[in-house]
Amino acid sequence: MELLTATNLTQRYGSKIAVNHINLSIHAGQLVAFLGPNGAGKSTTIKMLTGITQPKSGSISLSGLHPTDAKYRHQIGVVFQDSVLDSELTVRQNLMWRAKMYKHVDQQFIASLMQAFDIAAIANQKYGSLSGGQRRRVDITRALVNKPNLLFLDEPSTGLDIQTRNKIWEVLNQLRKEQHLTIILTTHYLEETNFADYVYVIDHGEIIASDTVTNLKREYASDLLTIDVTDVDAVKQLLDANWIVSVDAKQLQLKLPDVNTAIEFLAKARPLITAMEYKRGDMNDIFVALTGKKIR
Ligand SMILES: Nc1ncnc2c1ncn2[C@@H]1O[C@H](COP(=O)(O)OP(=O)(O)OP(=O)(O)O)[C@@H](O)[C@H]1O
């Protein structure tokens, strides 16, 4: 079921077009990633989708609601790149302040979120005195107090250690399962897109590719096999010349269509191989293949 639709969404700052006629179709319960380099237009898109700024043109619909509708705001939660919490208030005061903005909040749910994100023990500590990882867990809890259908996370993992990242995703995945929570995230952590149901690759304000991770990998990322061999010429007889990326006296680098082809080839060439390394194509390869440059 389609939850959020954006049609021909465009944003300009003066003469600069930050977002250029993008179309999005996000289904309920999905985890959707916006992947793109710095300045691609991800945050500008999120700002329009969350009703913080008005698009110059185009339309947005969340189950028929427009971002200017009060009900729209009640259905979403937002975690910004820079925190918007009050550093002089305690964690609990910040959460309760937020909760007051909604008519009906489930206090039991807030308590369970605080347990799940492991912030109950710091509830009476001032937000300004928390570590980066603690702050981020509070930021996300705050964005969830109204039990939103749709959560926006603008670069949620920036500056976090692996333990905090894992904790956050453990809780969010639980909420996806139990509450059917839909999540839209922007990220520079390419591996974070691996768990996404759908990825929009954005560059220069445009969607340059959009698909499932599996399909993007199939289309743009190839597996790379590096082998050390006793006889390069003999090995070349056993492979398709189109696979060759590089050759030197004792080593070949091969781009293979899939892992089964690699296994079949390795079995045939086994007596000639002295060492090997197999690297699966990843989101980095996809990004470089699409934009022709490393992520900025
Ligand atoms: N308020 C603003 N005034 C002028 N230009 C802006 C403004 N906000 C964003 N831009 C420009 O719009 C473009 C898109 O910026 P945006 O912040 O959306 O990119 P991003 O993909 O979120 O980047 P990052 O990953 O670095 O956060 C950039 O060229 C940026 O300089």
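Rules used throughout
- Within any chain, residue numbers begin from 1 and follow the written order of that chain's sequence.
- With the structure being a predicted model, the display of local features is reserved for residues of pLDDT at least 70 and the display and counting of side-chain atom pairs for 80 or more, all residues being used for whole-chain, interface and lining totals.
- The basis for every side-chain value is the complete set of heavy atoms in the structure, and neither hydrogens nor water enter the calculation.
- UniProt positions are given in the numbering used here, feature names are shortened, and annotations may be inferred rather than shown by experiment.
- Whenever Lys or Arg places a side-chain nitrogen within 4 Å of a carboxyl oxygen from Asp or Glu, that contact is recorded as a salt bridge.
- Here a strand is any run of E in DSSP of at least two residues, a helix any run of H or I of at least four, and the numbering for each starts at the N terminus.
- The classification of residues rests on relative accessible area computed with a 1.4 Å probe and restricted to protein chains. Under 20% of the type maximum is buried, over 50% is exposed, and intermediate values are partly exposed.
- Only strands joined by at least two bridges in the DSSP assignment are considered to pair.
- Between the N-to-C directions of two axes lies an angle of 0 to 180 degrees, each axis being a line fitted to C-alpha atoms and, for a helix, fitted only over the stretch in contact.
- Note on contacts: a residue pair qualifies if any of its non-hydrogen atoms lie within 4.5 Å across the two residues.

- You'll find the protein chain entered in an unreviewed UniProt entry as ABC transporter ATP-binding protein, with Nicoliella lavandulae given as the organism.
- In UniProt, the protein chain has this text filed under Sequence similarities (unreviewed entry): "Belongs to the ABC transporter superfamily."

Regarding the pattern of salt bridges
1) Next: The full count for this structure, using the stated rule, is 6 salt bridges.
2) Next: Linking aspartate 106 and lysine 147 is a salt bridge whose minimum nitrogen-to-oxygen distance equals 3.1 Å. One end of the pair, aspartate 106, is in the loop between helix H3 (91–99) and helix H4 (107–116); the other, lysine 147, is in the loop between helix H5 (132–144) and strand S6 (150–154), and 41 residues separate them in sequence.
3) Next: The exposure class assigned to lysine 147 is partly exposed, which follows from its relative accessible area of 36%.
4) Next: A salt bridge links lysine 167 to glutamate 170; the nearest nitrogen and oxygen atoms lie 3.7 Å apart. Residue lysine 167 and its partner glutamate 170 are both found in helix H6 (residues 162–179); the two are separated by 3 residues, about one turn of the helix.
5) Next: For glutamate 170, a relative accessible area of 49% gives the class partly exposed.

Digging into the sheet that holds strand S11 (residues 244–247)
Sheet strands associate in pairs through backbone hydrogen bonding, adopting either a parallel or an antiparallel arrangement.
1) Next: Strand order in this open sheet of 4 strands is S11-S12-S10-S13, and the pairing throughout is antiparallel. Only two strands of the sheet have a single partner each, and these edge strands are S11 and strand S13 (273–279). Each adjacent strand pair in this sheet contributes to an overall mean axis angle of 15°, direction not counted.
2) Next: Here strand S10 (residues 223–229) runs beside S13; their pairing, made up of 6 bridges, is antiparallel. Residue leucine 224 lies in a different strand from S13, and its bridge partner there is lysine 279.

Notes on the environment of aspartate 139
1) Next: Mapping aspartate 139 onto the fold places it in helix H5.
2) Next: Here aspartate 139 falls in the buried class, since its relative accessible area comes to 6%.
3) Next: The spacing of aspartate 139 and aspartate 82 is 57 residues in sequence and 9.7 Å in space, taken between C-alpha atoms.
4) Next: For aspartate 139, the contacting residues outside a window of four places in its chain are Val79, Ser83, Leu85 and Tyr127.

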